[in-house]
Amino acid sequence: MSNHPDYSLLELASVREGDSVGNTLANSVAYAQHAEKLGFKRFWLAEHHNMEGISSSATSVLIGHIAGKTQTIRVGSGGVMLPNHPPLVIAEQFGTLESLYPGRIDLGLGRAPGTDPITARALRRDGLGAEQFPEDVAQLQSLLGPLKPGQPVKAIPGAGTKVPIWLLGSSLYSAQLAAMRGLPYAFAGHFAPRLYREALAVYRDNFQPSEQLQHPYTILAAPAVPADTVEEARYLATTSYQRILALFRGQPLWMKAPVASMDGLWNPGERAGVKDFLALQLLGDAAAIRSQLDELLASATVDEVMFTVDIHDPKKRRHALDILDETRRG
């Protein structure tokens, strides 16, 4: 495949049913270290709150932990949900991370709360919400940029670190904003597959160069279930089917062991909903995933693919990265 995109990973630090958060995070570290060894470009953590089964709520703490246990891979947020946080706090956190791990930190920003309305209120950012997102992004950019004479509020550390800011989106809104501001853009195809072509095209067509970025740069996030055989991949995929089913039903999102069949676990409507949610899922052995990926990349211009890998067994999950790596050599 010519001009093959870079590979990256998105991590939710999913807790296996009956497992502890400590174990989960140790597995996340081993997973990131394996990705680094294989030459994956970035390892991003997603901010979620009040979701039993997902332990990435203190995103910047985890970024620091993973960056401290790796040497070269870029570590960042996919993303920090900006409506939940004062920009100054995020500038200080990421300025500190950049000072600890220079040249390795990414600040991906999302406009959703990453949770339910009651929890959003508990995060104490009343009434501001998503409509203030463009101003919050601008404020963050200036807090992470060089200090200006007489600047009253400074991010210390943070000022002058120029941590790269990314906009994340699942609709056309962030694509337009990223294009207008000249920021790199990541599309959440792992849970919102429908608009990926339009969003990536809107971004490229409207891109204005900026100090941070001269040319458009895109990441497409996609779910992947790589295994040694297609049969095994189909079996392992039932973990994510059960998980999305739980999400639809408002149940806890523990990562469940795969099952021989989903029959009896979902009704036809739920099955269709789950498959729709996972429309961009890449599934199978290296050859199958390579051809699915070729097809996906033929439909949109993408600089980087960021995989979410929902596999219950941590060893098989690390091995899935070897299989993804194989798809680059074909």
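Residues numbered from 1 in each chain as written. Predicted model: local features only at pLDDT ≥ 70, side-chain atom pairs only at ≥ 80, totals over all residues. Heavy atoms only, no water.

Notes on helix 9 (residues 238-249)
Piece 1. Spanning 12 residues, helix 9 covers 16 Å between terminal C-alpha atoms, matching the ideal 16 Å at 1.5 Å per step.
Piece 2. For helix 9, every residue scored as buried is listed here: Thr-238, Thr-239, Ser-240, Tyr-241, Gln-242, Arg-243, Ile-244, Leu-245 and Ala-246.
Piece 3. Here the buried face of helix 9 lies against helix 8 (230-236), helix 10 (268-277) and strand 8 (282-284). (Helix = DSSP H or I, 4+ residues; strand = E, 2+ residues; numbered from the N terminus. Expected span 1.5 Å × (residues − 1). Buried < 20%, exposed > 50% of the residue type's maximum accessible area, 1.4 Å probe, protein only. Contact = heavy atoms within 4.5 Å.)

Structural notes on the environment of Gly-64
Piece 1. Tracing the sequence through the fold places Gly-64 in helix 2 (residues 59-68).
Piece 2. For the pair formed by Gly-64 and Tyr-173, sequence separation is 109 residues and the distance between their alpha carbons is 30 Å.
Piece 3. Not counting the four nearest positions on each side in its chain, Gly-64 is found in contact with Leu-97 and Tyr-101.

Examining the pattern of salt bridges
Piece 1. A complete count under the given rule lists 15 salt bridges for this structure.
Piece 2. Across the salt bridge formed by Glu-304 and Arg-42, the nearest N and O atoms sit 2.6 Å from each other. Of the two residues, Glu-304 sits in strand 9 (residues 304-308) while Arg-42 sits in strand 2 (residues 42-45), which places them 262 residues apart along the sequence.
Piece 3. Judged by its relative accessible area of 0%, Glu-304 falls in the buried class.
Piece 4. Residue Arg-42 is classed as buried on the basis of its relative accessible area of 4%.
Piece 5. We note a salt bridge from Lys-162 to Glu-211, for which the minimum N-O separation is 3.3 Å. Note that Lys-162 is positioned in the loop between helix 5 (133-144) and strand 5 (165-169) and Glu-211 in the loop between helix 7 (196-206) and strand 7 (218-226), a separation of 49 residues in sequence.
Piece 6. By relative accessible area, Glu-211 is classed as exposed at 71%. (Salt bridge = Lys/Arg side-chain N within 4 Å of Asp/Glu carboxyl O.)

Focus on empty space enclosed by the protein
Piece 1. In this structure the tally under the stated criterion is 1 cavity of 30 Å³ or more.
Piece 2. Computed from the structure, the largest cavity encloses a volume of approximately 140 Å³.
Piece 3. Ser-14, Arg-16, Asn-27, Pro-314 and Arg-317 are the residues nearest the centre of the largest cavity, which is lined by 14 residues in total.
Piece 4. The leading source of residues in the lining of the largest cavity is helix 1 (residues 21-37), at 4 residues.
Piece 5. When its residues are assigned to classes, the lining of the largest cavity shows 5 nonpolar, 5 polar and 4 charged. (1 Å grid on protein atoms, 1.4 Å probe; cavity = no way out; pocket = protein on both sides within 12 Å on 5 of 7 lines; lining within 4 Å. Points joined across faces, edges and corners; volume = space filled by probe spheres on them. Nonpolar A, V, L, I, M, F, W, Y, C, P; charged D, E, K, R; others polar.)

Some remarks on the side chain of His-312
Piece 1. Mapped onto the fold, His-312 is located in the loop between strand 9 and helix 12 (314-326).
Piece 2. Contact partners of His-312, with chain neighbours within four places excluded, come to Arg-16, Thr-239, Met-255, Lys-256, Ala-257 and Pro-258.

Quick word on the pairing of strand 4 (residues 105-110)
Piece 1. Counting buried positions along strand 4 yields 6 of 6 residues, so the element is predominantly enclosed.
Piece 2. Along strand 4, one buried face is formed by Ile-105, Leu-107 and Leu-109 and the opposite face, lined by Asp-106, Gly-108 and Gly-110, is buried too.
Piece 3. In this structure, strand 3 (residues 74-81) lies alongside strand 4, joined through 5 bridges in parallel fashion. Bridge pairing in strand 4 places Met-81 opposite Gly-110. (Pairing = 2+ DSSP bridges.)

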